[in-house]
Amino acid sequence: PGEGLTLVVGFPKGLVKEPTIWGALYRVISDNPVLLLPWAVFAALFWLWFVLGRDPSGNKVIVPQYEAPDELTPAETGTLVDSFAQNRDVSAEIISLAVRGYLKINKVERKSALGFSSGDYLLEKLKDEKDISNAFDERLLKAIFRGGDRVFISGLEKKFADDLKEVKNDIYTALVGKGYFVKDPQKARRGFFMAGGIAALFVFFFGKRTIEISMRCL
């Protein structure tokens, strides 16, 4: 009593018909259909790349262009490069507004109460935004000079944050309207992050159990 007992039973190979590789694979997949998910994702992404993601062949003569096509502004061009409307793109747009005569940028030296000097930029409004065709340029000019026709860059640090977000949204909207993006890149990224988060949670909760079952079947 209390002693273990092990029985070993054997029989000659071939006495029982072995399942084929495809039969074993079918049994594993039928018991664990989630194993097909990575392959389905790969197939879908490959199809999207094949239809929409391939660059055109470079067998033609490339003619240099010294201006952006379709009269795109610096902010639009910078956003097209990486699909992100960044602060540097908006900064380039401010310089573009100065080039087009809407404002003037002056570099000045300012002294603090303790006598320390620091560099700053004074923006002077030269004309209204009535003839601006882009909504983001109009919003940008209004946001800069909301406090008057002469403002310092250092004075915009806290007041300009909310307006900056809306300017970026207008840039995305303008590019979608011109056909450069199918949909707003921000919304598309949010959708991908949400889908990725749901997939990660699914793998976290069900992946371990699926692997255990697969190993037993194999």
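Just so we're clear, the structure is a prediction, and the values are computed from it rather than from any experiment.

> Help me understand the packing of aromatic side chains in this model?
Two aromatic rings are characterised by how far apart their centres lie and by the angle between their planes. Within the structure shown, the criterion is met by 4 aromatic pairs. Arranged with centres 5.5 Å apart and planes meeting at 45°, the rings of Phe46 and Trp49 form a pair that is tilted. Here Trp49 and Phe46 lie together in helix H2 (residues 37–53), a separation of 3 residues that amounts to about one turn. A relative accessible area of 43% places Trp49 in the partly exposed class. Centroid distance Phe46 to Phe50: 6.3 Å. Interplanar angle 25°. Geometry classified as stacked. Within this pair, Phe46 and its partner Phe50 are both found in helix H2, separated by 4 residues, close to a single helical turn. Residue classification places Phe46 among the partly exposed positions, given a relative accessible area of 45%. An aromatic cluster is present here, built from Phe42, Phe46, Trp49 and Phe50 joined pairwise through their rings. It is Lys127 that lies over the ring of Tyr102; its NZ or CZ is 4.4 Å from the centre. Positioned above the aromatic ring of Phe84, the side-chain terminus of Arg189 is 3.7 Å from the ring centre.

> Can you help me understand the pattern of salt bridges in this one?
Tallying each qualifying case throughout the model produces 10 salt bridges. With a closest N to O distance of 3.1 Å, Glu93 and Arg100 form a salt bridge. Given the relative accessible area of 1%, Glu93 is considered buried. A salt bridge links Arg150 to Glu124; its shortest N-O distance comes to 3.2 Å. Linking Arg150 in strand S3 (residues 150–152) with Glu124 in strand S2 (residues 117–125), this pair joins segments that are 26 residues apart in sequence.

> Looking at this model, I keep getting lost on the packing of helix H5 (residues 135–144) against helix H6 (residues 161–177). Mind explaining?
A pair of packed helices is captured by two measures, namely the crossing angle of their axes and the spacing between those axes. Taken N-terminus to C-terminus, the directions of H5 and H6 make an angle of 165°; their axes are 8 Å apart at the nearest point. Comparing their axes, H6 and H5 come out roughly antiparallel. Crossing of H5 against H6: the hand is left-handed. Contact residues: Ala135, Phe136, Arg139, Leu140 and Ala143 in H5; Asp163, Glu166, Val167, Asp170, Ile171 and Ala174 in H6.

> So what exactly am I meant to see when it comes to H6 here?
Turn by turn, an α-helix covers 3.6 residues, leaving residues three or four places apart pointing in a common direction. In a regular helix each residue adds 1.5 Å, so 17 residues correspond to 24 Å; H6 covers 25 Å between its end C-alpha atoms and thus fits that length. Along H6, the positions that sit buried rather than exposed are Asp163, Leu164, Val167, Lys168, Asp170, Ile171, Tyr172, Ala174 and Leu175. One or two positions beyond H6, positive phi appears at Gly179, with a value near 85°.

> Help me understand the side chain of Thr79 in this model?
Inspection of the secondary structure puts Thr79 in helix H3 (residues 74–82). Under the relative-accessibility criterion, Thr79 is labelled buried at 0%. Sequence-distant contacts of Thr79, defined by excluding residues within four places in its chain, comprise Phe84, Ala85, Asp89, Ile171, Tyr172, Leu175 and Phe181.

> Please explain H3 as it appears in this structure.
Regarding H3, the residues found buried are Ala75, Glu76, Gly78 and Thr79. For H3, the angular spread of buried residues about the axis comes to 165°, placing them on one side. In the stretch just after H3, Ser83 is the one whose phi turns positive, near 65°.

> Honestly, unusual backbone geometry in this entry has me stumped. Any pointers?
Excluding glycine, residues mostly carry a negative phi; peptide bonds, for their part, are mostly trans. Even without being glycine, Glu71 reaches a positive phi, approximately 55°. In this structure, Ser83 is a non-glycine residue whose phi angle is positive, near 65°. Summarising the element assignment, Ser83 is placed in the loop between H3 and helix H4 (87–99). Given the relative accessible area of 25%, Ser83 is considered partly exposed.

> Can you help me understand the packing of H3 against H6 in this one?
Look at H3 against H6: their axes get within 10 Å of each other, and the N-to-C directions meet at 80°. Relative to H6, H3 is oriented roughly perpendicular. The segment H3 lies against H6, with Ala75, Glu76, Thr79 and Leu80 engaging Ile171, Tyr172, Ala174 and Leu175. Looking at side-chain class alone, the contact of H3 with H6 contains 6 nonpolar, 1 polar and 1 charged residues.

What counts, and where the lines are drawn
- Residues numbered from 1 in each chain as written.
- Predicted model: local features only at pLDDT ≥ 70, side-chain atom pairs only at ≥ 80, totals over all residues.
- Heavy atoms only, no water.
- Phe/Tyr/Trp six-rings, centres within 6.5 Å; stacked < 30°, edge-to-face > 60°.
- Helix = DSSP H or I, 4+ residues; strand = E, 2+ residues; numbered from the N terminus.
- Buried < 20%, exposed > 50% of the residue type's maximum accessible area, 1.4 Å probe, protein only.
- Lys NZ or Arg CZ within 6 Å of the ring centre and 35° of its normal.
- Salt bridge = Lys/Arg side-chain N within 4 Å of Asp/Glu carboxyl O.
- Axes fitted to C-alpha atoms, helices over the stretch in contact; angles between N-to-C directions.
- Parallel < 35°, antiparallel > 145°, perpendicular 65-115°, else oblique.
- Left-handed = near helix turned anticlockwise from the far one by under 90°.
- Contact = heavy atoms within 4.5 Å.
- Expected span 1.5 Å × (residues − 1).
- Arc of directions from axis to C-beta.
- Nonpolar A, V, L, I, M, F, W, Y, C, P; charged D, E, K, R; others polar.

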